[in-house]
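Okay, here's what each chain looks like letter by letter:
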Number of protein chains: 2
Amino acid sequence: MAAPKPIRTRRKMQRVTIMDVAARAELSPSTVSLYFRKPDAVSAAASEAIARAIDALDYVPNLMAGGLAAASSRVVSIIVPSVRNAFFAETVATLQDELGKHRLQVMLSHTEYREHDEESLVRTALSWTPAAVVLTGLSHSTATRRLLRDSKVPIVEIWELGSPTMDMAVGFHHDQVGQAAASHLVQRGRKRLLFLGARLHEDRRAARRAQGFVETARDAPDVTADIIQHPAPASAEVGAMLLGEALHRFPNVDGIACSNDHIALGVIFECQRRGISIPGRLSVVGFGDLSFSAAANPSLTTIRPPGDLIGKEAARLIIARIAHPDTEPERTVIDTRFNLLHRQSS
Amino acid sequence: MAAPKPIRTRRKMQRVTIMDVAARAELSPSTVSLYFRKPDAVSAAASEAIARAIDALDYVPNLMAGGLAAASSRVVSIIVPSVRNAFFAETVATLQDELGKHRLQVMLSHTEYREHDEESLVRTALSWTPAAVVLTGLSHSTATRRLLRDSKVPIVEIWELGSPTMDMAVGFHHDQVGQAAASHLVQRGRKRLLFLGARLHEDRRAARRAQGFVETARDAPDVTADIIQHPAPASAEVGAMLLGEALHRFPNVDGIACSNDHIALGVIFECQRRGISIPGRLSVVGFGDLSFSAAANPSLTTIRPPGDLIGKEAARLIIARIAHPDTEPERTVIDTRFNLLHRQSS
DNA sequence: GCTCAAGATAATAGCGCTATTATGTAGCCG
DNA sequence: CGGCTACATAATAGCGCTATTATCTTGAGC
């Protein structure tokens, strides 16, 4: 019962491999591999021959093979609620730019604010043995935490600070944002305050800003504060609607903080239409310092979250961690703070 | 000279592999692999045993190993100028959502409007043997084209139509946008037209809109048209500045088209400050229909590019192509068109 | 001239999975 | 009840690269 030698017709890819390059350069595959990984270890003559061969053959390395062999990859997986949101877009873009300088690739996923989706996204992310994982916010399921912990991959949580942190974190305290807005309005002599918020049930960070706002406001003498919200995503139209509701329910409102500048812009537009003077009768504070905020009429007082800085710092932490894979990882928390930009609307 | 048998101490990863799962489920690795790739081919009993094993071991598949073995991956590489730009953010987000439904991952890269960077980005993209590559626009270097052609990977060019197309394309004609804006203003009886543009030297598509605008405008009797531009990225502030320059150089201007809504918003704000009536003395048309445009005061007439539709259609094409890898690929060009939204500003 | 270290290059054995082929096992037919 | 098919499972050989070790080449030092 002699086992017949099976003839395998494995699809022999026509792909140009490191072996082809080596053959053409009259060197071994090892040397070509070294050329990519540690160029300094290869002689000038060999380097040139390899470069010529690569060029002639139009060689494209196979990073999956490399990653498999090295049990690592230069992929950073980023999970944000949505890149449609200008805040996260800014951070993702900055991360992308900074990581790109170190030949790290960005793999992007959205939760669309559905937190329970995060686990499967993390699972897929880990399937690529990424160099790092970036998550938005601090609330993650137990399963997600376990997955990430077991993987031993560097983790950066962005855009929110508080407890507990998994590994590294870069962001700021959203309740402090609300506090800053409230303090500002109180300082301007406002007494009847409102927080106008969009999608607070899904956007935990906005909800924390709202909470910080009312708590601080209510600590001030003779000041009252409430929250008015709308379930739709933030837009100027929602802002206009919310102002209508605010005036209806609290006719003597004189200070408004908004969950972001889209809402605030809608408030400004609606006030123009209704002939309500800003900041004469009403002070308005936004959040975001979006592209239009400084140019608005009146220009919008707002709180600027440093989306770019968050991206930069997160990238810096990742790169530093990758550079020293052996040293005991250090838990790092970076508070980027935020800026209140006082303009005409308050 | 007997060769000593070398003892390899290859780092034996502690990673849970398909073999561990197989052992626990008392099945072969092949069957476990089949369970992932073709679940229907595995018996119910086996499936259950495998599922239990996966759960117990917290198995995370290694997609790099899988991709290497299968000579393919479920990664779609997307290259856009910048995700900071709301247009591309919208498309990227939609692509991400649609592709995600089919378990396709998005790898994202930015050119930052530096077209000569595209080649190296494409090169890296191809290193992942992606399922498809999505590029913005139609102008690519010869080397980029060759790389992509040789790779035989499905390609979708988005956000611009014209010649020549590499494989599939989804977008619209930007010169037609300019034409539509010009026709609209001419119809409204405007005679002294201007196109206000930001970063036209880098943003080819905006430049084509500008060109289409002046060409169409100048065909109309008694109508004159010019372009005023600024090298900075589009923002309301730049819009305000451009309006200042426009009034200075062409005091009798009565119709303005903008390279995007940020510019247009700046124009509106600046007109408010200067007491210039819109649309009484000046008609304004934007591009983009950004979040604030409908709520502006006056609401902004603008041309809406279907960023979400572009993403949806691109995803559809990719998914269709992947589903039929054998059939001869069909060159597809989808013209999504665009909408002129007539509002108060014109 | 010989030794030895440093610098280059090469040989080898996987990384964890999939595709392909092979084998086993019922179920059905005549 | 032998043979044949359909279905389920298993065995095997890579995919293209990297990490590790081994070997070869210089050139310095004495």
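Presented here is an overview of the structure given in this document. All chains use their own residue numbering, which begins from 1 and follows the written sequence. All chains are assigned letters beginning at A, and all ligands numbers beginning at 1, according to the order in which they are written. At least 70 in pLDDT is required for a residue's local features to be given in this predicted model, at least 80 for side-chain atom pairs to be given and counted, and no such filter applies to totals for whole chains, interfaces and linings, which use all residues. Heavy atoms from the whole structure form the basis of all side-chain values; hydrogens and water molecules are not counted.

### Focus on unusual backbone geometry
Residue and element names in this part refer to chain B.
And step 1. Residue Pro279 is bonded to the preceding Ile278 through a cis peptide linkage, with omega at 5°.
And step 2. The secondary structure listing takes helices from DSSP runs of H or I that are at least 4 residues long and strands from runs of E that are at least 2 residues long, numbered from the N terminus. As for its placement among the helices and strands, Pro279 is situated in the loop between helix 11 (261-274) and strand 9 (283-287).
And step 3. Omega for the peptide link from Asn297 to Pro298 comes to 5°, which places this bond in the cis form.
And step 4. Phi angles above zero are rare outside glycine, and Arg103 is one such case at about 55°.
And step 5. Residue placement: Arg103 occurs in the loop between helix 5 (86-100) and strand 2 (105-110).
And step 6. The exposure class of Arg103 is exposed, given its relative accessible area of 60%.
And step 7. One non-glycine residue, Trp159, adopts positive backbone phi at about 75°.
And step 8. In this structure, Trp159 sits in the loop between strand 4 (155-158) and strand 5 (168-171).
And step 9. Burial classification: accessible surface area is computed with a 1.4 Å probe over protein chains only, and a residue below 20% of its type maximum counts as buried, one above 50% as exposed, and the rest as partly exposed. A residue is classified by how much of its surface remains accessible, and Trp159, at 2% relative accessible area, is buried.

### Concerning the relation of the copies chain A and chain B
And step 1. Superposing chain A onto chain B takes a rotation of 180° plus a shift of 0.1 Å along the axis, which leaves an RMSD of 0.1 Å. Such values leave the two copies arranged in the relation of a two-fold axis.
And step 2. Contacts are assigned to residue pairs that have any heavy atoms within 4.5 Å of one another. Comparing interface residues between copies, 100% of those in chain A also lie at the interface in chain B; the contact surface is shared. C-alpha atoms of residues with pLDDT of at least 70 in both copies form the basis for the least-squares superposition of the copies.

### Considering the packing of helix 1 (residues 18-25) of chain B against helix 3 (residues 44-57) of chain B
Residue and element names in this part refer to chain B.
And step 1. Fitting a line to C-alpha atoms yields each axis, with helices limited to the stretch in contact; the angle taken between N-to-C directions then spans 0 to 180 degrees. Following both chains from N to C, one finds helix 1 and helix 3 inclined at 120°, their axes separated by 8 Å at the closest point. Judged by the angle between their axes, helix 1 and helix 3 are oblique. As helix 1 runs across helix 3, the sense of the crossing is right-handed. Contacts from Asp20, Val21, Arg24 and Ala25 in helix 1 reach Ala49, Ile50, Ala53, Ile54, Ala56 and Leu57 in helix 3.
And step 2. Residues are sorted three ways: Asp, Glu, Lys and Arg are charged, Ala, Val, Leu, Ile, Met, Phe, Trp, Tyr, Cys and Pro are nonpolar, and all the rest, Gly among them, are polar. Along the lines of polarity and charge, the residues of the contact of helix 1 with helix 3 split into eight nonpolar, no polar and two charged. If an angle is under 35 degrees, it is roughly parallel; if it is over 145, roughly antiparallel; if it lies from 65 to 115, roughly perpendicular; otherwise it is oblique. Throughout, a crossing is termed right-handed when the near helix is turned clockwise from the far one, and left-handed when it is turned anticlockwise from it by less than a right angle.

### As for the pattern of salt bridges
And step 1. Salt bridges are defined by distance alone: a side-chain nitrogen of Lys or Arg within 4 Å of a carboxyl oxygen of Asp or Glu. Scanning all chains against the criterion turns up 50 salt bridges over all chains.
And step 2. Among the ionic pairs, Asp335 of chain A bridges to Arg337 of chain A, the shortest N-O distance being 3.8 Å.
And step 3. Take Asp335 of chain A: its relative accessible area is 32%, and that puts it in the partly exposed class.
And step 4. The residue Glu160 of chain B makes a salt bridge to Arg208 of chain B at a minimum N-O spacing of 3.7 Å. Of this pair, Glu160 of chain B sits in the loop between strand 4 and strand 5 while Arg208 of chain B is found in helix 9 (residues 204-219), placing the two residues 48 residues apart along the sequence.
And step 5. A cluster of three or more residues bridged by salt bridges with shared partners is formed by Asp58 of chain A together with Glu119, Arg123 and Arg146 of chain B.

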